[in-house]
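Examination of the molecular architecture
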Amino acid sequence: MDLYLLIFPVLVYFVLFEYYPMYGVQIAFKDFIATKGIFGSPWVGWKHFVRFYESFYFWRLIKNTLGIGLYELVVGFPIPIMLALMINEVRSRLFKRVVQTVTYAPHFLSTVVIVGMLFLFLSPQTGAFNQLLQWLGFEPVSFMTSPAWFKSVYVLSGVWQQMGWSSIIYLAALSGVDPQLHEAAKVDGAGRLRRVWHINLPAIAPTIVILLILNVGRVLSVGFEKVFLMQNSLNMDASDVIATHVYRTGIIGAQYSYSAAVGLFNAVVNFLMLVVVNYIARKVNDTSLW
């Protein structure tokens, strides 16, 4: 009974703030009229979904959102794993603490601060990075206004900000590795790299698979705040994603039904990707979310 009382506030939170608001999703299938409310607005079926599919922005939004999401997955997912493995191998406790502090710290900076730093460091006139490029004999690059550089700047800055924080869960998994396994491997003549490959990696493999499934389920959920702050008219071809399109049409344009349809489309695609990857993971190595 005590356990049920303990979990009750969490259930209440999810019911009130996660499940109850879902009744509003039906406006994606209606022409929402504020004076008539959600239930009084007329049904239009798949009208807004068809409009989104046939719109000029559809393929650009899908390409940009999927491109950034996959870029984050391919580049950003392995780096915390490698960082955790390297930190775990450090023998100096002082050096380990310094590395952990330095890599964790950017996580606590707000998105506004991170983007402000990007504009300062990557400025073509006064930015430190472009000053270095000119010192090396290269021409300055306008990173923040160039569509070709937008995805790389977005993803790599995100990796820098989150890699230390994301490595914590892997370090926690590595702390549970039995030291006797390493001792036995040493007796058999295994070097450090072999012990990392054959002992540490298999030990955290279930954690890697679970987090990979969760990350794949968020491929199309590219964060709005950072993209919006980095976005400008010059890089719009590469920076316009589903989240910013929903903001322009729903908040600024007051097209609530259309923006709800776009958001629902995004959520359903993410859910289907999560289910498919979870099924594949369960079939391949018996590790899955359910």
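Small disclaimer: the values here were computed from a predicted structure and weren't measured.

**Digging into the overall build of the chain**
Regarding its fold elements, the chain presents 16 helices and zero strands. Overall, the C-alpha framework of the chain stretches about 75 × 65 × 35 Å when taken along its three principal axes. Restricting the contact set of the chain to residue pairs at least 6 apart, pairs at least 24 apart contribute 64%. Taken as a whole, the chain presents about 17600 Å² of accessible surface, with 70% of it coming from carbon and sulfur. Of note, the chain has its 20 positive side-chain charges centred 1 Å away from the centre of its 14 negative side-chain charges.

**Observations concerning unusual backbone geometry**
Most peptide bonds are trans, and most residues other than glycine sit at a negative phi. For Ala254, which is not glycine, the phi torsion reads 55° and is therefore positive. With respect to the helices and strands, the residue Ala254 is situated in the loop between helix H15 (242-252) and helix H16 (256-285). By relative accessible area, Ala254 is classed as partly exposed at 41%.

**Some details on helix H4 (residues 58-76)**
Between its first and last C-alpha atoms H4 spans 26 Å; for 19 residues at 1.5 Å apiece the expected length is 27 Å, and the two agree. Buried residues of H4: Phe58, Arg60, Leu61, Ile62, Asn64, Thr65, Ile68, Gly69, Leu73 and Gly76, and no others.

**Thoughts on the environment of Glu139**
Within the secondary structure layout, Glu139 lies in the loop between helix H8 (128-135) and helix H9 (147-166). Separated by 15 residues in the primary sequence, Glu139 and Pro124 place their C-alpha atoms 9.2 Å from one another.

**Here we look at the side chain of Asn64**
Within the secondary structure, Asn64 is located in helix H4. With residues up to four places along the chain from it excluded, the contact list for Asn64 reads Lys151, Met236, Asp237, Ala238, Ser239, Asp240 and Val241.

**Let's talk about the environment of Gly217**
Locating Gly217 in the fold gives a position in the loop between helix H12 (192-216) and helix H13 (224-230). Taking the C-alpha atoms as reference, Gly217 lies 5.7 Å from Met273; in sequence the two are 56 residues apart. Discounting chain neighbours no more than four positions away, the residues touching Gly217 are Asn270 and Leu274.

Rules behind the numbers
- In this convention, every chain numbers its residues from 1, walking through the sequence in written order.
- A pLDDT threshold of at least 70 governs which residues receive local features in this predicted model, and a stricter bar of 80 or more applies before side-chain atom pairs are shown or counted, although totals over entire chains, interfaces and linings include all residues.
- With hydrogens and water excluded, all non-hydrogen atoms of the structure serve as input to the side-chain values.
- A run of DSSP states H or I qualifies as a helix once it reaches four residues; a run of E qualifies as a strand once it reaches two. Both are numbered from the N-terminal end.
- Any pair of residues with heavy atoms lying within 4.5 Å of one another is described as a contacting pair.
- Calculation of accessible area relied on Shrake-Rupley with a 1.4 Å probe; when residues are assessed, cover is drawn exclusively from the protein chains displayed.
- In summary, the charge assignment counts Lys and Arg as positive and Asp and Glu as negative, without counting His or the chain termini.
- A charge is said to be at NZ when it belongs to Lys, at CZ for Arg, at CG for Asp and at CD for Glu.
- Any residue under 20% of the maximum accessible area for its type is buried, any over 50% is exposed, and the rest in between are partly exposed; the area is computed with a 1.4 Å probe on protein chains only.
- Multiplying 1.5 Å by the residue count of a helix minus one yields the expected span of that helix.

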